[in-house]
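# Structural overview
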Amino acid sequence: MRILTNMQEPTFLILAALAGGDLHGYGIIKEVETLSDGRLRLSAGTLYGALDRLKNDGLVEVVGEERIEGRLRRYHRLTDSGANALEQEIHRQERVIAVAKAKLEGRRSLPAPVTRPAEAS
Amino acid sequence: MRFGDRLCRWALHAYPRDFQHESGEEVLGTIADMQDAGAKRGVLRQAASLGYNGNRLRWLRATDGSMRQTLRQGAAWGALLLIARQAGLGIYELVRPLWLPWARPSLLPQYPQTALSVVEVALFVGWLAVFGLLASGRRRWGLPLLGLVLAGFVAREVAFSLSYGGHFSWAFTLNFFLPILLPVLCAFGWPARRIRFSLPVIAAVLIGAVVIAAARVVFWGVGFDPLGQGYVWWWIQVALCLVAVVFGILAGLSDPRWAIAGVVVALQPVVREIIAESAGSRLSGAILLMALVPIVAVLLAFRASRLAVPRRG
């Protein structure tokens, strides 16, 4: 398995969506939209490009398929490696958030900036 | 089948063939699900996304993602496009002497021969064969044949300049940069991994080459003023160029090899024009071009020796 570094947001959200259970393509798109508060709506091209990479890396696997009204639906599942990668990414983001929070707190405790009076010409 | 479905099915061809077989139906099913649910994204945008991501997937699978490999493959693609362009211009060279007296009867005394030139036919067939061989991955035959065709091409240019007294102006020899650029690209840029264009790409490149040749015949070869035909023709040209540029940018964004190939193709006329503008002196181009033949031979031989696989045992 290749450890993902600098995981992009769509990839992270796809893994997060699959953490809740097996989903087919359109199910992943809907779940990603919900997770991102409607901000990110994946196109089919982006979704299947990401799924292809995730399957090659062993983070996602296909666990079944069905045909509804002539349309093929495949169900995807997060593998153990995928769950580990997602967990690592969550920890990484938590660390970044903790650092950012600390910096923000530090900024609030700073004295207000002194404004210089305009120099007389 | 709705137009949108057809469009998405067509856009799926951007993906590698195995992906189309394994996941094509699933992708189309997902798009249909999105459309049924009243997706805001139009079917055009879905098709564009398929084209972009499919092209990108081809690149990611064909290279290890390194800039070196991408540059080499892009340069080799550029060489293939230049070869296809030469095949297209070969049609122009063939048709022009037949077309010109017909379109401009007043020029007939200057063009008494309306028969096909054997040299031009040989060059046209040669360029086409080189493109076919190299685009289908047969470099062992394609590269030596390219050397032969380039030698014929240079010989024709030399004969042309000699017929004008042995001297020429740079601007006269329209493609003098090609005998330098192509061997360099093929000898040093050709990647060890086999290059193979898909059939739709081969068809598209050849159609593009024929369109260039047709445009030259219609707009430059028959000697009439394009503006005399009205601005409709001008707008058609502008629109076609815009469409080509948009497709080129999209292809280049998703697969940088197309961007590199585009730069190579654009480089040739740009450098030609720069030298044509700056070189007012009358250098003996014939001698220069004759010197290119051994350089071509040496470069191709060097590359061929590097491609050779040592026998075991």
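Cut-offs used in this document
Residues numbered from 1 in each chain as written. Chains lettered and ligands numbered in written order. Predicted model: local features only at pLDDT ≥ 70, side-chain atom pairs only at ≥ 80, totals over all residues. Heavy atoms only, no water. Helix = DSSP H or I, 4+ residues; strand = E, 2+ residues; numbered from the N terminus. Buried < 20%, exposed > 50% of the residue type's maximum accessible area, 1.4 Å probe, protein only. Contact = heavy atoms within 4.5 Å. Areas by Shrake-Rupley, 256 points an atom, 1.4 Å probe, with all protein chains shown as cover. Buried area = accessible area lost by both parts, 1.4 Å probe. Salt bridge = Lys/Arg side-chain N within 4 Å of Asp/Glu carboxyl O. 1 Å grid on protein atoms, 1.4 Å probe; cavity = no way out; pocket = protein on both sides within 12 Å on 5 of 7 lines; lining within 4 Å. Points joined across faces, edges and corners; volume = space filled by probe spheres on them. Nonpolar A, V, L, I, M, F, W, Y, C, P; charged D, E, K, R; others polar. Core = buried A, V, L, I, M, F, W, Y, C linked by side-chain atoms within 4.5 Å. Phe/Tyr/Trp six-rings, centres within 6.5 Å; stacked < 30°, edge-to-face > 60°. Pairing = 2+ DSSP bridges. Polar contact = N/O pair within 3.5 Å; in protein donor to acceptor, adjacent residues only side chain to side chain.

### Here's the deal with the overall build of chain B
- Looking only at helices and strands, chain B has 11 helices and zero strands in total.
- Seen in sequence order, chain B has helices and strands lined up from the N terminus as α-α-α-α-α-α-α-α-α-α-α.
- Here chain B, with 313 residues, has 42% of them falling under the buried criterion.
- Sequence separation of 24 or more characterises 79% of the internal contacts of chain B that already satisfy a separation of 6 or more.
- For chain B, the exposed area adds up to about 17,300 Å²; of that, 69% sits on carbon and sulfur atoms.

### As for the overall build of chain A
- Counting secondary structure elements, chain A contains four helices and two strands.
- Listed by position from the N terminus, the elements making up chain A come as α-α-α-β-β-α.
- The buried share of chain A, reckoned over its 121 residues, is 36%.
- Of all intrachain contacts in chain A linking residues separated by at least 6 positions in sequence, the fraction that spans at least 24 positions is 48%.
- If you sum the accessible surface of chain A, you get close to 7,800 Å²; carbon and sulfur atoms cover 50% of it.

### Brief notes about the interface of chain B and chain A
- Of the residues lining the interface, 25 residues belong to chain B; the matching set on chain A comes to 19 residues.
- Taken together, the two surfaces of chain B and chain A that pack against each other cover about 1,900 Å², and 49% of this comes from carbon and sulfur.
- By the criterion of area lost to chain A, the three top residues of chain B are B:Glu26, B:Asp33 and B:Met34, representing 30% of everything that side buries.
- There are six salt bridges connecting chain B and chain A.

### Points about empty space enclosed by the protein
- Following the criterion strictly, the structure yields one cavity of 30 Å³ or more and no others.
- By volume, the largest cavity amounts to about 30 Å³.
- Of all the secondary structure elements, the ones that give two or more residues to the lining of the largest cavity are α2 (25-35) and β2 (71-78) of chain A together with α2 (17-36) of chain B.
- Counting residues per element, the lining of the largest cavity draws most heavily on α2(B), at four residues.
- Its residues assigned to classes, the lining of the largest cavity shows three nonpolar, four polar and four charged.

### Some thoughts on the pattern of salt bridges
- Counted by the stated rule, this structure contains 14 salt bridges over all chains.
- Between B:Asp33 and A:Arg73 there is a salt bridge, with its nearest N and O atoms 3.2 Å apart. Placement of the pair is B:Asp33 in helix α2 and A:Arg73 in strand β2, with the two residues belonging to separate chains.
- For B:Asp33, a relative accessible area of 7% translates into the label buried.
- Its salt-bridge partner being B:Arg61, residue B:Asp18 comes within 2.8 Å of it at the nearest N-O pair. On the criterion of sequence distance, the pair formed by B:Asp18 in helix α2 and B:Arg61 in helix α3 (residues 43-62) is long-range, its members being 43 residues apart.
- With relative accessibility at 37%, the residue B:Asp18 sits in the partly exposed group.

### A look at unusual backbone geometry
Residue and element names in this part refer to chain A.
- Phi is positive for Asp-37, close to 55°, though the residue is something other than glycine.
- One can find Asp-37 in the loop between α2 and α3 (44-56).
- Under the relative-accessibility criterion, Asp-37 is labelled exposed at 75%.
- One non-glycine residue, Glu-69, lies in positive phi territory at about 50°.
- In this structure, Glu-69 sits in the loop between β1 (60-68) and β2.
- Accessibility expressed as a relative area gives 72% for Glu-69, which makes it exposed.

### Focus: the nonpolar core
- Counting 38 residues, the largest nonpolar core has A:Ile14, A:Leu15, A:Ile28, A:Val32, A:Leu47, B:Val27 and B:Leu50 as the members making the most contacts within it.
- Listing elements by their share of this core, those giving two or more residues are α1 (9-19), α2, α3 and α4 (80-109) of chain A together with α1 (3-11), α2 and α3 of chain B.
- Apart from the residues within four sequence positions on either side, A:Leu47 is in contact with A:Ile14, A:Gly25, A:Ile28, A:Ile29 and A:Leu42.
- Residues B:Leu146, B:Leu150, B:Phe153 and B:Ala261 belong to the second largest nonpolar core, which totals 37 residues.

### What to know about the packing of aromatic side chains
All names here are of chain B.
- One pass over the structure, following the stated rule, counts five aromatic pairs over all chains.
- Pairing Tyr-15 with Phe-19 gives two aromatic rings, centres 4.4 Å apart and planes at 15°, and the pair type is stacked. Like Phe-19, Tyr-15 is buried.
- Members of the aromatic cluster, connected to one another through ring pairs, are Trp-77, Phe-197 and Trp-258.

### Notes on the pairing of β1(A)
Residues and elements named next belong to chain A.
- Pairing between β1 and β2: eight bridges, direction antiparallel. Pairing of Arg-67 across the sheet is with Leu-72, part of β2.
- The hairpin turn running from β1 into β2, its antiparallel successor, is two residues long, and Glu-69 in that turn takes a positive phi close to 50°.

### Some remarks on α1(A)
Residue and element names in this part refer to chain A.
- Inspection of α1 places Thr-11, Phe-12, Leu-13, Ile-14, Leu-15, Ala-17 and Leu-18 among the buried residues, and these make up the whole buried set.
- In this structure, the buried side of α1 is in contact with α2, α3, β1, β2 and α4.
- Where α1 terminates, the next one or two residues include Gly-21, which has phi positive at roughly 140°.

### Regarding the side chain of A:Arg73
- Judged by its relative accessible area of 18%, A:Arg73 falls in the buried class.
- A distance of 3.2 Å separates the side chain of A:Arg73 from the side chain of B:Asp33, its partner in a polar contact.

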